[in-house]
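# Inside the fold
Given next are the chains, with one letter for each unit.
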Amino acid sequence: MGRPGTALRSNILSPSGLGGLRPGDKVGASPPIVPVPAPGRGAKGKRIQPFSLSPQGGMGISTALLASGTDLTAARAFIQSVGKAGGALAKSDQPITSLVPDQAGRYRNYIARGEEHFRSGDFAFAFTQFRLANDIIGRSPETLLSMAHAKFAIARFSYASAAFYLRKALKYLPELPLAPLRPKAFYNNPATFGEQIFHLEDHLEESPNDGEALLLLAYFRWFTDEPDVKTAHSALSKALAVSRTDETTEAIETFWDGMVASGKVSDKLLPTPAKKVDSPTGPSS
């Protein structure tokens, strides 16, 4: 059996529109915070935790979902419950290649600066900027995902931090798998992203029972130009089999529920134990 997801590498590295900072970005006063809405119910009756959301522009995840044209009642109800942010995407199928909001203010400035440094390859400094934005709006899925991307970019031997922020983003935006997100497009050079995916796959070859790394693999395989449903499903099944905390299990099941809501998969997610790593000691002669 080949390496996990090897067949999709050509898809991950394929060209796509790369979003960057727009010229003429202005610095302004801090934007107001939208009042926290009442808790609601998401897909399959799961309780959705409310969060404060700064007014977002066309690139916001919530705005993109609202404009996606989906008939999924749960997704639309959720987005409407937090309030429609300022301008929707012009096209329903437009990929999200930046999480910088249109509304001026410190929140926007930090995310914009973070993405600028992320694209230049300064992932550690980018993380500090995303964290500052998160200090302003702590439950924003945009800042949590940005921090997850930054931690993933600098991870080598452990993916715990990146998975932590991804779990948080899923907690506050359960419908995340429905968004047309393109993590590869946040990089100036797609090859850099591809190299980091290789590191992730290499890590999983050596540590196939790393549930946090498996969750990240499912995330990145799902959010390709054409979702790799098979690999994402397999990674989530394996992650569920080795999950050791309620938080991780909930994130895995939430991501699967979102995939089901997209109509690309169905049925219940069942745990699938990963294969054991071969012993480094060869057979005796």
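To keep things clear, this report deals only with the structure shown in the data block. (Residues numbered from 1 in each chain as written. Predicted model: local features only at pLDDT ≥ 70, side-chain atom pairs only at ≥ 80, totals over all residues. Heavy atoms only, no water.)

Before going further, it helps to examine helix α8 (residues 190-206). The end-to-end C-alpha separation of α8 is 25 Å, in line with the 24 Å expected for 17 residues at 1.5 Å each. Residues of α8 that are buried include every one of P190, F193, G194, Q196, I197, L200, E201, H203 and L204, and no others. (Helix = DSSP H or I, 4+ residues; strand = E, 2+ residues; numbered from the N terminus. Expected span 1.5 Å × (residues − 1). Buried < 20%, exposed > 50% of the residue type's maximum accessible area, 1.4 Å probe, protein only.)

The contact between helix α4 (residues 106-119) and helix α6 (residues 141-154) brings their axes to 12 Å, and the two run at 25 degrees. Taken together, α4 and α6 sit at an angle that is classed as roughly parallel. Viewed along their axes, α4 and α6 form a crossing whose handedness is left-handed. Residues Y107, I111 and F118 of α4 form the contact with α6, whose participating residues are E142, T143, H149, A150 and A153. A per-class count over the contact of α4 with α6 returns five nonpolar, two polar and one charged. (Axes fitted to C-alpha atoms, helices over the stretch in contact; angles between N-to-C directions. Parallel < 35°, antiparallel > 145°, perpendicular 65-115°, else oblique. Left-handed = near helix turned anticlockwise from the far one by under 90°. Contact = heavy atoms within 4.5 Å. Nonpolar A, V, L, I, M, F, W, Y, C, P; charged D, E, K, R; others polar.)

By the definition in use, this model includes five salt bridges. Where K184 meets D225, a salt bridge forms, and the shortest distance between an N and an O atom there is 3.4 Å. Of this pair, K184 sits in the loop between α7 (160-172) and α8 while D225 sits in the loop between α9 (211-222) and α10 (229-242); the two residues are 41 residues apart in sequence, bridging distant segments of the chain. Judged by relative accessible area, which is 6%, K184 ranks as buried. (Salt bridge = Lys/Arg side-chain N within 4 Å of Asp/Glu carboxyl O.)

Take the environment of A163 next. The residue A163 is located in helix α7 in this model. On the basis of relative accessible area, A163 is assigned to the buried category, the value being 0%. A163 sits 50 residues away from A213 along the chain, and the two C-alpha atoms are 7.2 Å apart.

All right, on to the packing of aromatic side chains then. Counted under the stated rule, the structure contains 13 aromatic pairs. Cluster of aromatic residues (ring-pair linked, three or more members): F118, F123, F152, Y159, Y187, F193, Y219, F220, F223 and F255. The aromatic ring of F127 is capped on one face by K151, whose charged end is 4.4 Å from the ring centroid. (Phe/Tyr/Trp six-rings, centres within 6.5 Å; stacked < 30°, edge-to-face > 60°. Lys NZ or Arg CZ within 6 Å of the ring centre and 35° of its normal.)

Side chains of D246, E247, E250 and E253 sit close together on the surface and give a patch of like negative charge. Relative to the elements of secondary structure, E250 occurs in helix α11 (residues 246-261). (Patch = residues over 30% accessible without salt bridge, like charges linked within 9 Å, V, L, I, M, F, W, Y side chains within 5 Å. Areas by Shrake-Rupley, 256 points an atom, 1.4 Å probe, with all protein chains shown as cover. Lys, Arg positive; Asp, Glu negative; His and termini not counted. Charge placed at Lys NZ, Arg CZ, Asp CG, Glu CD.)

Attention shifts here to the side chain of D228. In this fold, D228 is placed in the loop between α9 and α10. Separated by 2.5 Å, the side chains of D228 and T231 make a polar contact. (Polar contact = N/O pair within 3.5 Å; in protein donor to acceptor, adjacent residues only side chain to side chain.)

Let us look at the packing of α6 against α9. For the pair α6 and α9, the least separation of the axes is 13 Å and the interaxial angle reads 110 degrees. Comparing their axes, α9 and α6 come out roughly perpendicular. As for the relative orientation of α6 and α9, their crossing is left-handed in sense. Touching L145, H149 and F152 of α6 are L216, Y219 and F220, all from α9. Residues that form the contact of α6 with α9 fall into these classes: five nonpolar, one polar and no charged.

For α11, built from 16 residues, the straight-helix expectation of 22 Å at 1.5 Å per residue is met to within 8% by its first-to-last C-alpha distance of 22 Å. Within the sequence span of α11, burial applies to T248, A251, I252, T254, F255, W256, D257, G258 and M259. Buried residues belonging to α11 abut α7, α9 and α10. At the exit of α11 stands G263, carrying a positive phi of roughly 90 degrees.

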